[in-house]
Amino acid sequence: MTYVEVSRPDPRVAVVTLNRPERMNAMSFDVMVPFRDALLEVGADTGVRAVVITGAGNGFCSGADQESAGVPPGLEGLPPPAYALRAMQLLEDVVLTIRRLPQPVVAAVNGAAIGGGLCLALACDLRLAAPTAYFRAAGINNGLTASELGLSFLLPRAIGSTRAADLMLTGRDVHADEAERIGLVSSVHDDVVAAAVTTGERIARLSQPGIELTKKSLQAGMASSSLEAHLTSEGLGQLYLRLLTDNFEEATLARREGREPVFRDRR
């Protein structure tokens, strides 16, 4: 059975769907390995300008599969400690793959985003939610830590350290309306996938290197140790496109002519 589906509702927008609805798209290795591979394939497609991630059925992703985790490939014969480390590294690689895609990634959170599912949503550049969506840092409820797959790095940067501490230390559910209010998602939509595709289509109309450099600078800004150091990298990216393309001139002309700009991304 295929647990990951890729569709192209717009030639420039790829929708990657976790497709194990009977398990609320839990993070078994049978799902996560093809999911990572599908993301890599989509990321390498130069015609794709934006990526949408969503889940089939009523859930986005319910985190660890507590019934059948599956078998990660290539780990035969390892002792239990090494096996566990390599298995965790594979899941971490899924998060890093989302972060490293050149295209912006939009999470269309259609239902529960629990534990690792919350981490997948946070790894995306944008998050939209359905009214039925909810989020939970579930590890703390299972007698573990709430910190997994980048959660303690990404969540405070998305909603602030105080709200992140609230969610991670209590393990409570955050429903769509609160998630929008605290900035965990940018908006709530009845048809969240359609809304995410529309966002992707808007991104696709803009400068491809401009969008890719903006994604890189946003991530670098979150990780930067100082404003002074980050200003330099921002400025270099801006000069790079200003000098090597005629995008700025086209945007100015398009405004004068009352039309949408068409960026060639070259001179």
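The shown structure was predicted, so the numbers you read here are calculated from the model rather than taken from an experiment.

Now for the state of the cysteines. Should the sulfur atoms of two cysteines be covalently bonded, the bond is a disulfide. Within the structure shown, the criterion is met by zero disulfides. In this structure C61 is a free cysteine whose sulfur lies 9.2 Å from that of C119, the closest cysteine sulfur available. Since its relative accessible area comes to 0%, C61 is described here as buried. Between C124, a free cysteine, and C61, which holds the nearest cysteine sulfur, the sulfur-to-sulfur gap is 11 Å.

This part takes up the sheet that holds strand β8 (residues 134–136). Backbone-to-backbone hydrogen bonds pair the strands of a sheet. The strands run either parallel or antiparallel. What the four strands build is an open sheet, ordered β4-β6-β8-β9; its pairing is mixed. Where the open sheet ends on each side, the last strands, each with one partner, are β4 (59–61) and β9 (174–175). As paired elements, β4 and strand β6 (residues 112–114) share two bridges and run parallel to each other. When the sheet's bridge partners are listed, C61 is paired in β6 with A113.

Phi is positive for M24, close to 50°, though the residue is something other than glycine. Structurally, the position occupied by M24 is in the loop between β2 (13–18) and α1 (29–43). Overall, the relative accessible area of 31% leaves M24 in the partly exposed class. Not every positive phi belongs to a glycine, and L149 is a case in point at roughly 50°.

Attention now moves to a nonpolar patch on the surface. Taken together, the side chains of L239, Y240, L243 and L244 define a hydrophobic patch exposed on the protein surface, amounting to about 440 Å² of accessible area. Inspection of the secondary structure puts L244 in helix α9 (residues 227–244).

You can see Q103 is positioned in the loop between α2 (80–100) and β5 (105–109). Residue class for Q103 comes out buried when judged on its relative accessible area of 3%. Reaching out from Q103, the side chain makes a polar contact with the backbone oxygen of G43 at a distance of 3.4 Å. In terms of polar contacts, Q103 uses its side chain to reach the backbone carbonyl oxygen of V48, at 3.2 Å. If we ignore the near neighbours within four places in the chain, the residues touching Q103 are V42, G43, D45, V48, R49, A50, V51, D125 and K215.

Next up on the list: the packing of aromatic side chains. Under the defined criterion, the tally for this structure stands at zero aromatic pairs. It is R157 that lies over the ring of F153; its NZ or CZ is 3.6 Å from the centre.

Turning to the environment of M32, a few remarks are in order. Relative to the helices and strands, M32 resides in helix α1. You can call M32 buried: its relative accessible area is 0%. When the C-alpha atoms of M32 and V94 are compared, they prove to be 7.2 Å apart, with 62 residues separating the residues in sequence. Sequence-distant contacts of M32, defined by excluding residues within four places in its chain, comprise L18, M27, L91, V94 and L120.

On to the sheet that holds β5. The strand order across the open sheet formed by six strands is β1-β2-β3-β5-β7-β10, and the pairing between neighbours is mixed. The open sheet has two edge strands with one neighbour each: β1 (4–10) and β10 (187–188). Pairing of β1 with β2 involves five bridges; the strand directions are antiparallel. Considered in β2, the bridge of V6 is made with V16.

Now for helix α4 (residues 151–159). Along α4, the positions that sit buried rather than exposed are L151, L154, L155 and I159. The buried residues of α4 occupy one face: seen down the axis, they fall within an arc of 100°. Of the surrounding elements, those touching the buried residues of α4 are α2, α3 (116–123), α5 (161–170) and α6 (176–182). A positive phi of about 95° marks G160, the residue just after α4.

Rules used in this analysis
Residues numbered from 1 in each chain as written. Predicted model: local features only at pLDDT ≥ 70, side-chain atom pairs only at ≥ 80, totals over all residues. Heavy atoms only, no water. Disulfide = S-S within 2.5 Å. Buried < 20%, exposed > 50% of the residue type's maximum accessible area, 1.4 Å probe, protein only. Pairing = 2+ DSSP bridges. Helix = DSSP H or I, 4+ residues; strand = E, 2+ residues; numbered from the N terminus. Patch = residues over 30% accessible without salt bridge, like charges linked within 9 Å, V, L, I, M, F, W, Y side chains within 5 Å. Areas by Shrake-Rupley, 256 points an atom, 1.4 Å probe, with all protein chains shown as cover. Salt bridge = Lys/Arg side-chain N within 4 Å of Asp/Glu carboxyl O. Polar contact = N/O pair within 3.5 Å; in protein donor to acceptor, adjacent residues only side chain to side chain. Contact = heavy atoms within 4.5 Å. Phe/Tyr/Trp six-rings, centres within 6.5 Å; stacked < 30°, edge-to-face > 60°. Lys NZ or Arg CZ within 6 Å of the ring centre and 35° of its normal. Arc of directions from axis to C-beta.

Shape is all these values report; function is a separate question.
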